[in-house]
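The chain contents come next:
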Amino acid sequence: MAVVATAGFATACSSSGSASGGGTGSVGVALILKTLTNPYFVAMEKDAKAEAAKDDVTLTVAAGTTDGDTQTQITAIDNAIARGDKGILITTNGDAVNAALKQAESAGLFVIALDTAPSPPSVADITYATDNTAAGRLDGQYAAASLKGETAVIAMLDLYNNQVVSVDIDRDHGFLEGMGIDPGSTTENAQEAKNGDYTGGSGGTYTIACHQPTQGAVDGGRTAMENCLSANPGINVVYAINEPAAEGAYAALKAAGKTDIPIYAIDGSCAGLKLVASGEFASDAVQYPGKMAGLGVDSIAKLARGGSKPSVTNGLSFYNTGTALVANTPLAGVTSETPAQGSSACWGS
Amino acid sequence: MTIHAAGNAAPVTAEDLRNRPATPAQRVHAVLHRQPALSPAIVLVLAGVVFALSNSRFYQPENLSLVAQQAAVVGSLAVGQTLVILTAGIDLSIGAVMVLSSLVMAKLALDNGVPGAFALPAGVLVAFAAQAVNGLLVTRIKLPPFIVTLGTLSIFTAITLIYAQGQTVILPPGSFLLWSADTVSIGSLHLTTGVLMMIGLYVVSGFLLRYTAWGRHLYAVGDDVEASRLAGLPVDRIVLSAYLVAGLAIAVAAWVLVGRVGGGDPNSGLNANLESITAVVIGGTSLFGGRGVVLGSLIGAFIVQVFDNGLALAGIDPNYQVLAVGVLVIAAVSVDQWIRSVKA
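Residues numbered from 1 in each chain as written. Chains lettered and ligands numbered in written order. Predicted model: local features only at pLDDT ≥ 70, side-chain atom pairs only at ≥ 80, totals over all residues.

## Some details on the overall build of chain A
Helix and strand counts for chain A stand at 10 helices and 13 strands. In terms of C-alpha radius of gyration, chain A reaches 21 Å, essentially the compact-globule figure of 20 Å for 349 residues. Projected onto the principal axes, the alpha-carbon positions of chain A cover approximately 65 × 40 × 35 Å. Here chain A holds 349 residues, and the buried ones make up 59% of them. Long-range pairs, those at least 24 residues apart, make up 69% of the contacts in chain A with a sequence separation of at least 6. (Helix = DSSP H or I, 4+ residues; strand = E, 2+ residues; numbered from the N terminus. Rg over C-alpha atoms; globule rule 2.2 N^0.38 Å. Buried ≥ 20, exposed ≤ 12 C-beta atoms within 10 Å, placed from the backbone. Contact = placed C-beta atoms within 7 Å.)

## Considerations on the interface of chain A and chain B
The interface is formed by 28 residues belonging to chain A together with 30 residues belonging to chain B. The greatest single-element share of the side of chain A that touches chain B, amounting to eight residues, is contributed by helix α6 (residues 218–231) of chain A. In terms of residue class, the side of chain A that touches chain B is made up of 13 nonpolar, 11 polar and four charged. (Nonpolar A, V, L, I, M, F, W, Y, C, P; charged D, E, K, R; others polar.)

## Some points on the packing of helix α3 (residues 38–54) of chain B against helix α13 (residues 294–313) of chain B
Residue and element names in this part refer to chain B. Taken N-terminus to C-terminus, the directions of α3 and α13 make an angle of 20 degrees; their axes are 9 Å apart at the nearest point. Here α13 runs roughly parallel to α3, going by the angle between their axes. The two elements α3 and α13 cross, and the hand of that crossing is left-handed. Across the interface between the two elements, Pro40, Ala41, Val43, Leu44, Ala47, Gly48 and Phe51 from α3 touch Gly296, Ile299, Gly300, Phe302, Ile303, Val306, Phe307, Gly310 and Leu313 from α13. Of the residues in the contact of α3 with α13, the class split is 12 nonpolar, four polar and no charged. (Axes fitted to C-alpha atoms, helices over the stretch in contact; angles between N-to-C directions. Parallel < 35°, antiparallel > 145°, perpendicular 65-115°, else oblique. Left-handed = near helix turned anticlockwise from the far one by under 90°.)

## A short note on the environment of Gly140 of chain A
Residues and elements named next belong to chain A. Structurally, Gly140 is set in helix α4 (residues 132–147). As a C-alpha pair, Gly140 and Lys309 span 169 residues in sequence and 35 Å in three-dimensional space. When residues no more than four places from it in sequence are discounted, the contact partners of Gly140 are Gly174, Phe175, Leu176, Glu177, Gly178, Met179 and Gly200.

## Digging into the sheet that holds strand β4 (residues 110–115) of chain A
Residue and element names in this part refer to chain A. Taken in spatial order, the six strands line up as β2-β1-β3-β4-β5-β12 in an open sheet, and their pairing is parallel. Edge positions in the open sheet fall to β2 (57–63) and β12 (319–320), since each of these has one partner strand only. Its contacts with the sheet put helix α1 (residues 39–55) on β1 (27–33), β2, β3 (87–90) and β4, and the angle it makes with β2 is roughly 165 degrees. (Pairing = 2+ DSSP bridges.)

## Describing the domain arrangement of chain A
Quite often, the size of an interface is put as the accessible area lost when its parts meet. Residue and element names in this part refer to chain A. In terms of domains, chain A is made up of domain 1 (27–130 + 289–311) and domain 2 (132–287 + 323–345). Placing a centre on the C-alpha atoms of domain 1 and another on those of domain 2 gives a separation of 30 Å. Of the residues lining the interface, five residues belong to domain 1; the matching set on domain 2 comes to eight residues. Looking at the side of domain 1 that touches domain 2 residue by residue, the class counts come to three nonpolar, two polar and no charged. (Domains from an automatic or database assignment.)

## Brief notes about helix α8 (residues 270–277) of chain A
Residue and element names in this part refer to chain A. Restricting attention to buried positions, one finds in α8 the residues Gly272, Leu273, Leu275 and Val276. What you see down the axis of α8 is that its buried residues fit within an arc of 155 degrees, all on one side. Where α8 is buried, its residues contact α7 (243–255), β10 (263–267), β11 (283–287), β13 (323–327) and α10 (339–342). (Arc of directions from axis to C-beta.)

## Concerning helix α7 (residues 145–164) of chain B
Because an α-helix packs 3.6 residues into every turn, residues spaced three or four apart end up facing the same way. In this model, α7 of chain B (20 residues) spans 27 Å end to end at C-alpha, consistent with the 28 Å of a helix rising 1.5 Å per residue. Along α7 of chain B, the positions that sit buried rather than exposed are Pro145, Val148, Thr149, Thr152, Leu153, Phe156, Thr157, Ala158, Thr160, Leu161 and Ala164 of chain B. (Expected span 1.5 Å × (residues − 1).)

## With respect to the confidence of the model for chain A
Regions with low pLDDT carry predicted coordinates that are not meant to be interpreted in detail. With 92% of its residues at a pLDDT of 70 or more, chain A has an overall mean of 88. Segment residues 1–23 of chain A is flagged for pLDDT under 50; beyond a separation of four residues in sequence, or across chains, it makes 50 contacts in the model. (pLDDT = per-residue confidence, 0-100.)

## Brief notes about the pairing of strand β6 (residues 152–158) of chain A
Here is the key point about a regular strand: its side chains alternate between the two faces of the sheet. All names here are of chain A. Taking burial as the measure, the seven residues of β6 include seven buried ones, the bulk of the element. Alternating positions in β6 separate into two faces, Ala152, Ile154, Met156 and Asp158 on one and Val153, Ala155 and Leu157 on the other, with burial throughout. Sheet analysis places β6 next to strand β8 (residues 204–213), joined by seven bridges and oriented parallel. Counterpart to Met156 in the pairing with β8 is His211. Sheet topology note: the β6/strand β9 (residues 237–240) ladder contains four bridges and is parallel. The residue bridging Ile154 from the neighbouring strand is Val237, located in β9.

## A short note on the sheet that holds β11 of chain A
All names here are of chain A. On the basis of which strands lie adjacent, the open sheet formed by seven strands has the order β7-β8-β6-β9-β10-β11-β13 and mixed pairing. Strands with a single pairing partner mark the edges of an open sheet, and in this sheet they are β7 (195–198) and β13. Each neighbouring strand pair of the sheet contributes to a mean axis angle of 25 degrees, computed without reference to strand direction. The sheet contact formed by β11 and β13 spans five bridges and is antiparallel. Residue Val286 lies in a different strand from β13, and its bridge partner there is Ala324. Contacts between helix α5 (residues 166–179) and the sheet are confined to β6, β7, β9 and β10, with β6 contributing the most and set at about 165 degrees to the helix. With respect to the sheet, α6 is in contact with β6, β8 and β9, its orientation differing from that of β8 by roughly 135 degrees.

Given below as C-alpha cells:
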C-alpha cells in the first residue's frame, strides 16, 4: 500500500544554507505535512510559503504519501536536522515520529505541531491547532437548533474504520456533544447509545442510523451515505467528517431525491463555503490551516532572530487558531457567519 | 463409460482405472474446473440470502440498484485487471491510472473549458498511454509486471497529485461527463448509464475472450508462455495488447467514477488498485494466469459490495466487512490451488 511518491517535495528555493545561526540571514524551516493530496494541507503549504517569502525564511516542504505514512516524515525530520534548519512545523502521521522529533529538539530545533497535537503533546514545543472538538460542537449545536424539537435520525459519516485517529474522534464526538448526546467513550467512535434524548436546541429524541467510514473522500462519502439511507430512509441529520465526504453524501442524497436533508460539514474551504451558499451544506465549521502554518513560520523566524517563544491560548494546551460556523440562516443560541463573511478567511481556491 | 459388473471389483486395467466412477469430491472438482465462476456465484447467492434474512431492506430494488452503482467503478476496473492477470501478470497501477484519467477528464472540462466530448477522449488517451508504458516495460524491457506496476503506481499517483494540486473538481449539473451518472430505470431497478457501461464491458470482453483468436491466445500465453512461443504465437504482442485493452476498461471505470464523484477527486478511488485485484481473485481467476472468466470478476466485485452494504444494513461494525473480504480472498485462492492441483 505505502508508496513512495511525494517524498521530499522541495520548494523552489532551498539552496541558501542557514546553519550559521545568529540574528541575520535566512532562517531554515521544514514544513512536514500529512499528505499533499488534501487541499487542507495544500493550503498550509501555500500560506507557509507566502509567510516564508515575507520573513526571509528558507522553507523546505515534505509530506507523507498517505495519511499514516510516518516513515517519509521521519526521513524529512532527519533531513531538517542535517540541513541545520531552525525549526520544524509538522502535522504528524502518528506517534512513530516522536523519537525523531525529540532528536530534532535536542539538536536545537523548535518543533511546532500544526493542526493536531501529537501524543503526548510534550513531543512538540507547542501546538498550533484548531479545536476539532469545538468545530464539531458548533455543527452539532446548529443541527440541534434547526431540528426545533423534531426527532433526529442521524447519519455519522466518519473518516475511518479503525476509530483511533484523533481528528476523526474529536469531530465526531464534538458533533454529538453539540447536539447534547453523550459520545459514550473518549477514545472510540460509535459508542454512544443508539437511541435516546438529545438536549441541544429545544431537545428531543434521537436515533443513530449509522456510523460509516468515508476515507474523507467523495466516493467514500457517497457510498457511506447510500448505505446509511438504505439502512434507514428516515435520516434527517447528516454529519460529515470533512467537505469531500459531505460532497459525496450530497451526491447520494440528490440521487435519492432527498436534497432537503441537511448536511453538516467541517473544513471551511472556499469551495465548501460556496456549497453552503448554494444550500448543499446546511453549515460548515471553518478552520484556518493556512493561518496555522503562516503563524508557525513566523514564530520560528522570530525565535531564530532572538525573539521569544510563542505561548499557548489561555485554558487550552495549544495555541488555538480558532474555528467559526458558516451557515445561511442564523439560529438562536448559535453564533454563525454568512458564507460571504466566512469567505474572507477561507482556504483553497 | 465402462460399467463395472460388481461395484467393489478392483480395477485391473489402465482402461478401468481411467473410467472408474468419480468420487463426489472429484465431481465437484471437475465442475469447478470447467466453471471458474461457479464458486463465487454460490458465495454471492449465499451472502445475498443471509443479508436478506438479516434485513428485509437488503433485497429491495432500491438497495440492489445502489449496490450495482457502488460496484460499477471497481467492476469496470476488474475487467482490465482480469485481462492482465490472465496473462499471468498483475496491474498494481490500474486504480492510479483510473484516478489520473478521471481527473484529466474533469479538469479539462472545468478548468480549461474543453467541451466534455473532447475531454472524455483525452482521458481515454491518458489511460491508453499509461497502459502502453506498463505493457512496453513488461514486454520490451522484460521486467516483471509486479515490479513495473509497483513503480508506475508511484509515478501515476504522483502525476495525479501534481496535476490535481490537492483540489477536488466538481462539475456543474448537466455536464456531458456526468452522463455516466444518469439514471436508467429497468422495472423497479434504478441503474445508471455507468452500470450499463460496465455490463457492456463484460459482454464485449467475455465475447472477445471466448470467441476470438485473440482471446484464446491470451489464455494460451497465460497458461504456458513457452509453449505459446513454440507454437508460433507473438507472445509479446499479445501481452502488450492485454495491457492496452485494459486501458479501455480503465477509461470506462474513470468515466463511471467521474459520474459517481460528480467530477474529479484525487482522493477517490485510492483503494481501487487492490479492490480490483480482490474482485478478480474472489471471482475465481487464477493469479498464475491462463484460467478464469470475466464474469467471475463481476461476481467478485459484487460480493465485496454486497458485504459492504449488507453489513452496513445489519448495523455491523464496518471492520467486519474488511475482515470478511480478507477471508474470501484466502478461500478463493485456496479453491484455485485445489482446482489446479489435479489435472483430470
